[in-house]
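Chain and residue survey
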Amino acid sequence: MGGPNALQSRDRLYEPVSRLMAWEDWERLYADDIEAILRLKQERNAVILAHNYQTPEIFHCVADIRGDSLALARDAQNLDADVIVMAGVHFMAETAKLMNPDKTVLIPDERAGCSLAESITAEDVRKMKERYPGVPVVTYVNSTADVKAETDVCCTSGNAKRVVESLNVPRVIMIPDEFLAQNIQNETGIEMLTWPGHCEVHERFTPQEIRQYRRMHPDVTVIAHPECPPEVVAEADYSGSTANMIDYVATQKPEKVLLVTECSMSDNLATLNPETEFVRPCNLCPHMKRITLAGIRRALENMETPVTIPSALEAPARAAVERMLAI
Ligand code: SF4
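An account of the accompanying structure is given in this report. For every chain, the first residue of the written sequence is number 1, and numbering continues from 1 along that sequence. For this predicted model, a pLDDT threshold of at least 70 governs which residues receive local features, and a threshold of 80 or more governs which side-chain atom pairs are given and counted, while totals over whole chains, interfaces and linings are taken from all residues. Working from all heavy atoms in the structure, the side-chain values ignore hydrogens and water.

**Topic: the overall build of the protein**
The following threshold applies: Counting from the N terminus, the helices are the DSSP runs of H or I reaching at least four residues and the strands are the DSSP runs of E reaching at least two. Based on C-alpha atoms, the radius of gyration is set beside the globule rule, defined as 2.2 Å times the residue count to the power 0.38. Two residues form a contact once any of their heavy atoms are found within 4.5 Å. Accessible surface area values rest on a Shrake-Rupley calculation with a 1.4 Å probe, where residue burial reflects the displayed protein chains alone. Charged-residue counts in this description rest on Lys and Arg as positive and Asp and Glu as negative, His and the chain ends being excluded. Lysine's charge is taken at NZ, arginine's at CZ, aspartate's at CG and glutamate's at CD.
Within the protein one finds 17 helices and 12 strands. Against the globule reference of 20 Å for 327 residues, the protein gives a C-alpha radius of gyration of 20 Å, in line with a compact fold. Principal axes of the C-alpha set define a box for the protein whose edges measure 60 × 55 × 30 Å. Looking at the protein alone, contacts between residues at least 24 apart form 62% of all its contacts between residues at least 6 apart. Approximately 13,900 Å² of the protein is accessible, and the part contributed by carbon and sulfur atoms is 46%. Across the protein, 33 positive and 49 negative side-chain charges occur, with their mean positions spaced 1 Å apart.

Now the structure itself:
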């Protein structure tokens, strides 16, 4: 957990990262912001939610809850806080607001978008539903509230298989991530009607790159995120969401691992699993990296920028998320 204890335990948490940069440099760069954020959290009765792709100084030094987008929104419901700061991208802040309508949800940088969420509009979904009447719509949580509002049920990369199978139908409209849909089709045999949306981080990985890493590190365990193209997932030893990756490394304790996902995930996991060596390809999400300690500090100082959801979208979008939680 973040909060005051985060500073006390910073040396242990930063050990692997400190090989890249001396701790004194981190401290000089960030101490003012960290101290100010911890103070502001108390004054505002605020919590900070940090996605697994946030950089270590956010993830380990100021965050109260860490995880994937759904875990962040769900766990925040149980907190006694007036304000939530989302150290993640805009659709995550929207989902947090959907699940916590009475709390003020702040996004430190409104430009923190997502190539997947921005690939599709509510009008696109309505057209797909007209084209395939009666076919259920499963929408990845990496989507805007107006797209969720057109949806039968949401899913995450961790529960997509379970959600799709629970529908008990031969085919499903699965949006907006084409690769996630194809990977789930390969796992379940259920036909997926897809949308050509891609995560700009995961689409860049190639099978050739994975083979090259295996040649360089014959003993490496390869774990691929299901937002990767199916031919990349086929090269992996295991495929799973960021939460699944965390569990896999913690329980299987591979000696050497390659996480085929956003770069900060390895930095954050390395601090928690010092016995595992992380091979680090580095595909950064430019949207996640718009969130900085200085931005979080400004957000708390000025209460910027609150996330709002049009009232007509609230109930149907929340219902799609809640149906997923029920499954
Ligand atoms: S990593 Fe990919 S899916 Fe996640 S926010 Fe960035 S672009 Fe979107």
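**Side note on the state of the cysteines**
Rules: We call a pair of cysteine sulfur atoms a disulfide whenever their separation is within 2.5 Å. Buried residues are those whose accessible area, probed at 1.4 Å on protein chains only, stays under 20% of the maximum for their type, while exposed residues exceed 50% and partly exposed ones sit between those limits.
Tallying each qualifying case throughout the model produces one disulfide. At a sulfur-sulfur separation of 2.0 Å, the disulfide partner of Cys-263 is Cys-282. In this structure, the disulfide formed by Cys-263 and Cys-282 twists by about -100° around the S-S bond and is classed as left-handed. With Cys-263 in helix α15 (residues 263-272) and Cys-282 in the loop between β12 (277-279) and α16 (293-302), this residue pair connects regions lying 19 residues apart in the sequence. Since its relative accessible area comes to 7%, Cys-263 is described here as buried. Free of any disulfide, Cys-61 has its nearest neighbouring cysteine sulfur in Cys-263, separated by 18 Å. Residue class for Cys-61 comes out buried when judged on its relative accessible area of 1%. Not part of a disulfide, Cys-155 finds its nearest cysteine sulfur in Cys-154, a span of 7.4 Å. What makes Cys-155 buried here is its relative accessible area of 0%.

**Observations concerning the environment of Ser-143**
Using the following cut-off: We define a polar contact as two N or O atoms separated by no more than 3.5 Å, with the added condition that, inside protein, one atom must be a possible hydrogen donor and the other a possible acceptor, whereas residues neighbouring each other in sequence contribute only through side-chain atom pairs.
With respect to the secondary-structure elements, Ser-143 resides in the loop between β5 (137-140) and α9 (145-148). Put simply, Ser-143 and Ser-157 are 14 residues apart on the chain and 13 Å apart in space, counted from C-alpha to C-alpha. Excluding residues that lie within four positions of it along the chain, Ser-143 makes contacts with Phe-91, Glu-94, Ala-117 and Lys-148. Among the polar contacts listed, one links the side chain of Ser-143 to the backbone oxygen of Tyr-140, at a separation of 2.8 Å.

**Thoughts on the site of the ligand**
Quick note on the threshold: A cutoff of 4 Å decides nearness: a residue is near a molecule or strand if any of its heavy atoms lies inside that distance of it. Lys, Arg, Asp and Glu make up the charged group, whereas Ala, Val, Leu, Ile, Met, Phe, Trp, Tyr, Cys and Pro make up the nonpolar group; the residues left over, Gly among them, are polar.
Around the ligand, a shell composed of Tyr-53, Val-89, Cys-114, Ser-115, Leu-116, Asn-142, Cys-199, Val-201, Glu-227, Cys-285 and His-287 is seen. For the shell around the ligand, a count of residues per class yields seven nonpolar, three polar and one charged.

**Things to note about the sheet that holds strand β11 (residues 256-260)**
Inclusion rule: Paired strands are those between which DSSP finds at least two bridges. Orientation is described by axes fitted as lines to C-alpha atoms, over the contacting stretch for helices, and by angles from 0 to 180 degrees between their N-to-C directions.
Ordered in space as β10-β9-β11-β12, the four strands form an open sheet in which the pairing is parallel. Looking at which strands have only one partner, the edges of the open sheet turn out to be β10 (238-239) and β12. Two strands pair when backbone bridges link them, and β11 and β12 are joined in this way by three bridges, in the parallel orientation. Of the residues in β12, the one forming a bridge with Val-257 is Phe-278. Strands β9 (221-224), β10, β11 and β12 of the sheet are contacted by helix α14 (residues 242-252), whose axis makes an angle of about 160° with β9.

**Examining the pattern of salt bridges**
Opposite charge on two side chains makes pairing possible when the charged atoms of those side chains draw close. Definition in use: Here, a salt bridge means any side-chain nitrogen of Lys or Arg that lies within 4 Å of a carboxyl oxygen of Asp or Glu.
Tallying each qualifying case throughout the model produces 17 salt bridges. Note that Lys-41 and Asp-64 form a salt bridge whose closest N and O atoms lie 3.0 Å from each other. Here Lys-41, found in helix α4 (residues 23-44), pairs with Asp-64, found in the loop between α5 (56-61) and β2 (65-67); they are 23 residues apart in sequence, far enough to count as distant. Summarising the burial analysis for this pair, Lys-41 and Asp-64 share the class buried.

Purely geometric stuff here, so don't read any function into it on its own.
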